[in-house]
Amino acid sequence: MGESLTISGNTLSNWNVGGISSNGNLGMTITACSVLTISDNILSGISTPFAFIGINVGSTGLSANLDSNHLLNIAAGTNLFGLFYGGSHSTLSISNNTIRNLTATDGNVTALNSTVNSGSTTSDIFKNKISAIPVSYTHLRAHETVLDLVCRLLLEKKKNKHMKDTTYATQI
């Protein structure tokens, strides 16, 4: 395992990943590092027909700091993760990252995922900006609860009644 690693100030942009991978593609992946800093990197304009993880950390150690990274306009065929932390560091900080416009053909998009494993004592996840992550209507309906269904049907009924009232008023 590496003692210390800093990845900073890199730009990966306008990258069309065709390839022959069936398991997916990775932008940056770190699997062995005790003291880790990933900051001020830009991943932008990336497209792949496969699964994709922008920044993937699966290492263990003393500290991990993922700060001020920008993941913008990334499209994948399946399972898109913007920033994925699945490591075990004593101290973890994920902050001030911007994650915007991530899309996947199958609708499975996770902007930020932090699965903190045993051994982590301090985890700070704050001030991350996540926006414009499209979700299909079908995907939303798949997660609809009974209460959501009742609310949606009542709103549709109210909307339809309003449309009938408006139509009647214009015919007079």
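This text gives an overview of the structure that appears in the document. (Residues numbered from 1 in each chain as written. Predicted model: local features only at pLDDT ≥ 70, side-chain atom pairs only at ≥ 80, totals over all residues. Heavy atoms only, no water.)

### Re the overall build of the chain
- Secondary structure assignment for the chain yields two helices and 14 strands.
- Considering only residue pairs separated by 6 or more positions, the chain has 82% of its internal contacts joining residues 24 or more positions apart.
- Just so you have it, the chain exposes about 9,900 Å², and 57% of that area is on carbon and sulfur atoms. (Helix = DSSP H or I, 4+ residues; strand = E, 2+ residues; numbered from the N terminus. Contact = heavy atoms within 4.5 Å. Areas by Shrake-Rupley, 256 points an atom, 1.4 Å probe, with all protein chains shown as cover.)

### Overview of the nonpolar core
- Counting residues in each nonpolar core, the largest one holds 26 residues, and the members touching the most others are I38, I55, L66, I74 and L80.
- Each residue touching L80, except ones within four places of it in the same chain, is listed here: F52, I74, L102, T103, A104, N108, V109 and T110. (Core = buried A, V, L, I, M, F, W, Y, C linked by side-chain atoms within 4.5 Å. Buried < 20%, exposed > 50% of the residue type's maximum accessible area, 1.4 Å probe, protein only.)

### Quick look at the packing of aromatic side chains
- Following the criterion strictly, the structure yields one aromatic pair and no others.
- With a centroid separation of 5.3 Å and 75° between ring planes, the pair formed by F81 and F84 is classed as edge-to-face.
- By relative accessible area, which is 21% here, F81 ends up partly exposed. (Phe/Tyr/Trp six-rings, centres within 6.5 Å; stacked < 30°, edge-to-face > 60°.)

### As for a nonpolar patch on the surface
- A grouping of V146, V150 and L154 is seen on the molecular surface, where their side chains present a nonpolar patch of about 300 Å² in accessible area.
- Secondary-structure assignment places L154 in helix α2 (residues 146–171). (Patch = residues over 30% accessible without salt bridge, like charges linked within 9 Å, V, L, I, M, F, W, Y side chains within 5 Å. Salt bridge = Lys/Arg side-chain N within 4 Å of Asp/Glu carboxyl O.)

### As for the environment of I38
- As for its placement among the helices and strands, I38 is situated in strand β4 (residues 33–39).
- Along the backbone, I38 and S8 are 30 residues apart, and their C-alpha atoms lie at a distance of 5.8 Å.
- Excluding residues within four positions of it along the chain, I38 makes contact with I7, M28, I30, I55, V57, N65, L66, D67 and N69.

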